[in-house]
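Now for the letters of each chain:
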Amino acid sequence: MKKVLVLGANGATGSLLVQQLLQKGMNVIAIVRTPNTLKQLIGAQVNLKEVEADISAISEKDLAQYLDKCDAVLSCLGHNLTLKGVFGHPKFLVTDAVEKVSRVLESINPKRKVKFILMNSTGNSNRDIPEIPPLSQRFVISILRLLLPPHVDNEKAADFLRLNISHKHSCIEWVAVRPDSLTDEGSVTHYDIFTSPTRNAIFDSAPTSRINVANFMTNLVTNEDLWHEWKGKMPVVYNHV
Ligand SMILES: NC(=O)c1ccc[n+]([C@@H]2O[C@H](COP(=O)([O-])OP(=O)(O)OC[C@H]3O[C@@H](n4cnc5c(N)ncnc54)[C@H](OP(=O)(O)O)[C@@H]3O)[C@@H](O)[C@H]2O)c1
């Protein structure tokens, strides 16, 4: 049975992700700041261990225990849309978490590759490939970089995966999943996956339902062909229209 650790597990996408991972028969360790929030959302589950901890504050020793024998780490972390969440600390919630998990994984030196699957955003470009967003998008994004710390955090988190994991962390492989405009749907629908955004993320965004993001992230854990297709990349997810 695969063992996975989920960050941001009680969030709007994270809770859907946990449910789908459990449906696929995985052992899920969910890190949540408030005890039992996930249990209240999805009910008690035999294969779910809800750990009450703040990823920013948890000691590396404790995190190492939870990461032991994990096949994958999935992050749906995101800044809460409050003044404190957007402008307060931790400013680099997602980046710090990615770096911390990577450091701890490296220290426990797992015998096999561990998958790191990060929920990111189409507002972030993949600078590994010639991906040049429209001028209007680049203009707005450059302003968001100055005004909105969470945007910079998303960019830095993916940069860490691209620039560090690929070269320095031999036990980790990664995928950064980029949804467009998040929506809530009751069930998984058809969705399309692209190497790069096909639309302007600011002025012509398309819906990507959270449940489809959760489905794609789950499939990346379970489907080795899909994993090999996308590892080291930043796939974009749009609902199929
Ligand atoms: N909105 C969009 O259209 C859109 C589009 C593309 C990508 N995204 C990205 O998608 C991601 C997730 O979206 P979502 O709607 O599923 O997010 P969400 O419902 O707001 O969930 C965020 C999660 O992060 C946790 N979190 C927030 N601040 C934290 C902190 N300081 N320390 C520890 N945990 C913290 C929350 O836990 P608590 O419940 O304890 O706060 C929650 O589990 C974000 O990174 C966002 O940038 C959004």
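In this report, the structure presented in the accompanying data block is examined. Bear in mind the structure is a predicted one, so any value in this text is a computation, not a measurement. (Residues numbered from 1 in each chain as written. Predicted model: local features only at pLDDT ≥ 70, side-chain atom pairs only at ≥ 80, totals over all residues.)

## Topic: the site of the ligand
Here comes step 1: Residues in contact with the ligand amount to 27 residues; listed here are only the nearest, Gly8, Gly11, Ala12, Thr13 and Gly78.
Here comes step 2: No other element matches the 3 residues that helix H1 (residues 12-23) contributes to the shell around the ligand.
Here comes step 3: Across the shell around the ligand, the residue classes break down as 10 nonpolar, 14 polar and 3 charged. (Near = placed C-beta within 6 Å. Helix = DSSP H or I, 4+ residues; strand = E, 2+ residues; numbered from the N terminus. Nonpolar A, V, L, I, M, F, W, Y, C, P; charged D, E, K, R; others polar.)

## Comments concerning the packing of H1 against helix H8 (residues 210-222)
Here comes step 1: The geometry of H1 relative to H8 is characterised by a closest axis approach of 8 Å and an angle of 45 degrees between their N-to-C directions. On the basis of the axis angle, H1 is oblique to H8. Where H1 crosses over H8, the two elements pack in a sense that is right-handed. Residue-level contacts link Ala12, Thr13, Leu16, Leu17, Gln20 and Leu21 of H1 to Arg210, Ile211, Val213, Ala214, Asn215, Met217, Thr218 and Val221 of H8.
Here comes step 2: In the contact of H1 with H8, the residues fall into 9 nonpolar, 4 polar and 1 charged. (Axes fitted to C-alpha atoms, helices over the stretch in contact; angles between N-to-C directions. Parallel < 35°, antiparallel > 145°, perpendicular 65-115°, else oblique. Left-handed = near helix turned anticlockwise from the far one by under 90°. Contact = placed C-beta atoms within 7 Å.)

## So, the sheet that holds strand S8 (residues 191-194)
Here comes step 1: Read across the sheet, 8 strands follow the order S3-S2-S1-S4-S5-S6-S10-S8 without closing on themselves; strand pairing throughout is mixed. Each of the sheet's edge strands pairs with one partner strand only, and the pair in question is strand S3 (48-52) and S8. Within the sheet, the average angular offset between the axes of one strand and its neighbour, ignoring direction, is 20 degrees.
Here comes step 2: Pairing analysis gives 6 bridges linking strand S5 (residues 114-119) to strand S6 (residues 172-179), with the strands arranged parallel. Paired with Val114 across the bridge in S6 is Ile172.
Here comes step 3: Here helix H5 (residues 93-108) sits on the sheet and contacts strand S1 (3-7), strand S4 (72-75), S5 and S6; the angle it forms with S4, its principal contact strand, is near 170 degrees. (Pairing = 2+ DSSP bridges.)

## Some details on H5
Here comes step 1: The end-to-end C-alpha distance of H5, which contains 16 residues, comes to 23 Å, matching closely the 22 Å that a straight helix rising 1.5 Å per residue would cover.
Here comes step 2: The positive-phi residue at the C-terminal boundary of H5 is Asn109, with phi of around 50 degrees. (Expected span 1.5 Å × (residues − 1).)

## Some remarks on the environment of Gly43
Here comes step 1: Topologically, Gly43 is positioned in the loop between helix H2 (37-42) and S3.
Here comes step 2: Assessed through the 9 C-beta atoms surrounding it within 10 Å, Gly43 is described here as exposed.
Here comes step 3: Taking the C-alpha atoms as reference points, Gly43 and Gln19, 24 residues apart in sequence, are found 9.9 Å from one another. (Buried ≥ 20, exposed ≤ 12 C-beta atoms within 10 Å, placed from the backbone.)

## A closer look at the pairing of S5
Here comes step 1: The buried fraction of S5 is high, at 6 of 6 residues.
Here comes step 2: With burial as the criterion, each face of S5 is covered, one bearing Val114, Phe116 and Leu118 and the other bearing Lys115, Ile117 and Met119.

## Brief notes about the pairing of strand S10 (residues 236-239)
Here comes step 1: Here S6 runs beside S10; their pairing, made up of 2 bridges, is parallel. Each bridged residue has a counterpart across the sheet, and for Arg178 the counterpart in S10 is Val236.
Here comes step 2: Sheet analysis places S8 next to S10, joined by 4 bridges and oriented antiparallel. Following the sheet pairing, Ile193 is matched in S10 by Val237.

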